[in-house]
Amino acid sequence: MSQSLTQHAAPGVLSLEAYSPGMPIEELQRRLGVASAIKLASNENPLGCSPSVRAVLSQALTGADLARYPDGSGHRLKARLAQKHQIDPACITLGNGSNDIIELLGRVFLGTARAALYSQHAFAVYSIITQAQDARAIEVPALPADAAQPYGHDLTAMAAALKANPDVALVFLANPNNPTGTWLTPEAIEAFLQQVPPQVIVALDEAYDEYMDPALRGNMRGWLQRYPNLVVFRTFSKAYGLASLRVGYSLSSPVVADLLNRVRQPFNNNSLALLAAETALDDEAFMAESVALNTRERARLSAELRALGLTVLPSQANFVAVGFGRDAKPIHQGLLERGVIVRPLASYAMPDFLRISVGTEAENTRFLNTLRDVLG
Ligand SMILES: *Cc1c(COP(=O)(O)O)cnc(C)c1O
């Protein structure tokens, strides 16, 4: 009987495993009866969001006409982003989180007889959308554990794979990558872009761009001008602290933006989310404080973990991947039982690793003390 219900499901969907998100604090408290848990599992901003966003949202809630549809074109947010990036608003596509952008790219550019190319240990949603679209997945082996960017993207191998597979329609790059934290230099990205045929779309995921050392940032506007097949996308979920509201966006050629717009849900961003994102862009002090906290605490966390004899991958993001040299599952469980939620990486083929989001100073200290306790 159940077979008849699945008979017409897309083959890719039938064999798909759903994305497993970081455990919400409430769930841990419910499951294990642990009080005052902390969550360092989803790379959220531990400072929350800009106070000006809170203020504008509470005001908007009083006056907002919730019965009206939002501005489906996201006009004001696009205008604000166009100004920030010095780019034509026609190059911008808004998404319900940048996850939505990844889906739009998949729906437009992937399907049977086409392939998507991405690195091993890259963000899980690339493979999910590829499979959901019944496209072929080409996962290129990552750099080795002893490379300068351990488990990071191997752009030389990716360029070679691209040449060997003329059915590739879409390439995903994450810079920095989640869950490894590893990064690509602007020179390496540009050298890669030069080797990509003009009909192949390169989707450059910059979800953690704000946390990167400014010296590592490329000239995105120049790239977009020189490589019309490039799509760069960012999110308000991480450094801007608006994960719950779901806003992301891409910058691309207007031709690609037009294609993405055709398959986009007409109202994929709600009114409050649009307003919050616009407001968040103006609070540069909050962003600076968030980035400074992350830079400082990421260094401390990494140093203290290394002092415990653990492997810490270099990171330009707001998390670190930590290797234990053995199955990390019992360590993950031990942390959970003590009210600390982190992210296991077995589903990323890194079973010896856990990913720790950088929290506040107090949260990181609690994590470190709890980890010492778990490790005995
Ligand atoms: C978190 C994340 C995203 C998606 O976040 P949204 O909340 O959907 O904007 C995209 N790419 C990477 C690499 C991420 O880590």
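Residues numbered from 1 in each chain as written. Predicted model: local features only at pLDDT ≥ 70, side-chain atom pairs only at ≥ 80, totals over all residues. Heavy atoms only, no water.

## Things to note about empty space enclosed by the protein
We apply this condition: The definitions used throughout rest on a 1 Å grid laid over the protein atoms alone, on which a cavity is an enclosed set of points accommodating a 1.4 Å probe that cannot get out and a pocket is an open set flanked by protein within 12 Å on both sides along at least five of seven lines; lining residues are those having an atom within 4 Å of a point. Grid points are joined across faces, edges and corners, and a volume is the space filled by probe spheres set on the points. For the purposes of this entry, the term helix denotes a DSSP run of H or I that reaches at least four residues, the term strand denotes a run of E that reaches at least two, and both are numbered from the N terminus. Each residue gets one label: Ala, Val, Leu, Ile, Met, Phe, Trp, Tyr, Cys and Pro are nonpolar, Asp, Glu, Lys and Arg are charged, and the others, such as Gly, are polar.
Evaluated as defined, the whole model comprises 2 cavities of 30 Å³ or more. In this structure, the largest cavity occupies an estimated 80 Å³ of space. The wall of the largest cavity is formed by Asn175, Pro186, Ile189, Glu206, Asp209, Met212, Leu216, Arg217, Gly218, Met220, Trp223 and Arg234. Elements represented by at least two residues in the lining of the largest cavity include exactly helix 9 (186–195) and helix 10 (220–226). Looking at side-chain class alone, the lining of the largest cavity contains 6 nonpolar, 2 polar and 4 charged residues. In this model, the second largest cavity occupies a volume close to 60 Å³. Lining the second largest cavity are Glu44, Asn45, Pro46, Tyr211, Ser290, Leu293, Asn294, Asn318, Val358 and Gly359. When its residues are assigned to classes, the lining of the second largest cavity shows 4 nonpolar, 5 polar and 1 charged.

## Describing the domain arrangement of the chain
Put simply, the test is: Domains are outlined according to an automatic or database domain assignment. Contacts are assigned to residue pairs that have any heavy atoms within 4.5 Å of one another. Accessible area, probed at 1.4 Å, shrinks when two parts are joined; the buried area is that loss added up over both.
For the chain, the assigned domains read domain 1 (20–49 + 285–375) and domain 2 (51–282). Averaged C-alpha coordinates put domain 1 and domain 2 at centres separated by 25 Å. The partner domain 2 presents 30 residues to the 26 residues of domain 1 that form the contact. For the pairing of domain 1 and domain 2, the buried interface totals around 2,300 Å² over both sides, and the portion due to carbon and sulfur atoms is 66%.

## Digging into the nonpolar core
Keep this limit in mind: Throughout, nonpolar core names a set of buried Ala, Val, Leu, Ile, Met, Phe, Trp, Tyr and Cys residues whose side chains join them through atoms within 4.5 Å. Each residue's exposure class comes from its accessible area (1.4 Å probe, protein chains only) as a fraction of the maximum for that residue type: buried when under 20%, exposed when over 50%, partly exposed otherwise.
Counting 58 residues, the largest nonpolar core has Leu77, Val171, Phe192, Leu230 and Phe236 as its most contacted members. It is helix 12 (residues 271–282) that provides the largest number of residues to this core, a total of 7 residues. When residues of this core are sorted by domain, at least three fall in each of domain 1 (20–49 + 285–375) and domain 2 (51–282). When neighbours within four sequence positions are excluded, Phe192 is seen to be in contact with Leu155, Met158, Ala159, Leu162, Val171, Leu173 and Val202. If you look at the next biggest cluster of nonpolar residues, it comprises 32 residues, including Leu105, Tyr118, Ala135 and Tyr151.

## Observations regarding the layout of surface pockets
If you add up the space inside the largest pocket, you get close to 810 Å³. Among the elements of the structure, strand 3 (115–119), helix 7 (124–132), helix 14 (329–337), strand 12 (343–344) and strand 13 (353–357) are those that each provide at least two residues to the lining of the largest pocket. The biggest single contributor to the lining of the largest pocket is helix 7, with 5 residues. Here the lining of the largest pocket is built from residues that sort into 23 nonpolar, 10 polar and 6 charged. Counting only domains with at least three residues in the lining of the largest pocket, you end up with domain 1 (20–49 + 285–375) and domain 2 (51–282). Lining the second largest pocket are 27 residues, with Tyr19, Ser42, Phe123, Lys238 and Arg246 positioned closest to its centre. It is helix 6 (residues 98–109) that provides the largest number of residues to the lining of the second largest pocket, a total of 3 residues. Split into classes, the residues belonging to the lining of the second largest pocket amount to 11 nonpolar, 9 polar and 7 charged. When residues of the lining of the second largest pocket are assigned to domains, at least three fall in each of domain 1 (20–49 + 285–375) and domain 2 (51–282).

## Regarding the pattern of salt bridges
Applied cut-off: Should a side-chain nitrogen of Lys or Arg be within 4 Å of a carboxyl oxygen of Asp or Glu, the pair is scored as a salt bridge.
For the structure on display, the rule yields 14 salt bridges. The closest approach of N and O atoms between Glu304 and Arg372, which form a salt bridge, is 2.8 Å. Within this pair, whereas Glu304 is found in helix 13 (residues 284–307), its partner Arg372 is found in helix 15 (residues 361–375), the two being separated by 68 residues in sequence. Glu304 sits in the partly exposed class, given a relative accessible area of 26%. A relative accessible area of 34% means that Arg372 is categorised as partly exposed. It is possible to trace a salt-bridge network through shared partners that takes in Glu206, Asp209, Arg217 and Arg234.

## Observations regarding the environment of Ala303
Relative to the helices and strands, Ala303 resides in helix 13. Placed 44 residues apart in sequence, Ala303 and Ser347 show a C-alpha to C-alpha distance of 26 Å.

## Quick notes on the side chain of His153
Applicable threshold: Nitrogen and oxygen atoms within 3.5 Å of one another constitute a polar contact, given that in protein one can donate a hydrogen and the other can accept it, and given that sequence-neighbouring residues count only through two side-chain atoms.
Its location among the elements puts His153 in the loop between strand 4 (136–140) and helix 8 (155–164). In this structure the side chain of His153 is engaged in a polar contact, spanning 3.1 Å, whose partner is the backbone nitrogen of Ala174. Not counting residues within four places of it along the chain, the set of residues in contact with His153 comprises Ser119, Ala122, Leu143, Met158, Leu173, Ala174, Asn177 and Leu184.

## Focus: the pairing of strand 3
Put simply, the test is: Note: two strands are recorded as paired if DSSP finds a minimum of 2 bridges between them. Seen with its strands pointing away from the viewer, a crossover is right-handed when the path leading from the first strand over the helix to the second is clockwise.
Burial runs high along strand 3: 5 of the 5 residues are buried. Alternating positions in strand 3 separate into two faces, Ala115, Leu117 and Ser119 on one and Ala116 and Tyr118 on the other, with burial throughout. Alignment of strand 3 against strand 4, held across 5 bridges, turns out to be parallel. Residue pairing across strands places Ser119 opposite Val140, the latter belonging to strand 4. Each parallel crossover has a hand, and the one from strand 3 via helix 7 to strand 4 is right-handed.

## As for the packing of aromatic side chains
Cut-off, in case you're wondering: Two aromatic rings from Phe, Tyr or Trp, using only the six-membered ring of Trp, form a pair when their centres are within 6.5 Å; if the ring planes differ by under 30 degrees the pair is stacked, by over 60 it is edge-to-face, and anything between is tilted.
Evaluation of the coordinates by the stated rule reveals 9 aromatic pairs. Where Phe123 meets Tyr126, the ring centres are 5.7 Å apart and the plane angle is 80°; that geometry is what we call edge-to-face. Given the relative accessible area of 14%, Phe123 is considered buried. When the centroid spacing of 5.2 Å and the interplanar angle of 75° are considered together, the rings of Tyr151 and Phe353 count as edge-to-face. Of this pair, Tyr151 sits in the loop between strand 4 and helix 8 while Phe353 sits in strand 13, and the two are 202 residues apart along the sequence. Taken together through their ring pairs, the aromatic side chains of Tyr19, Tyr118, Phe123, Tyr126 and Phe172 make up a single cluster.

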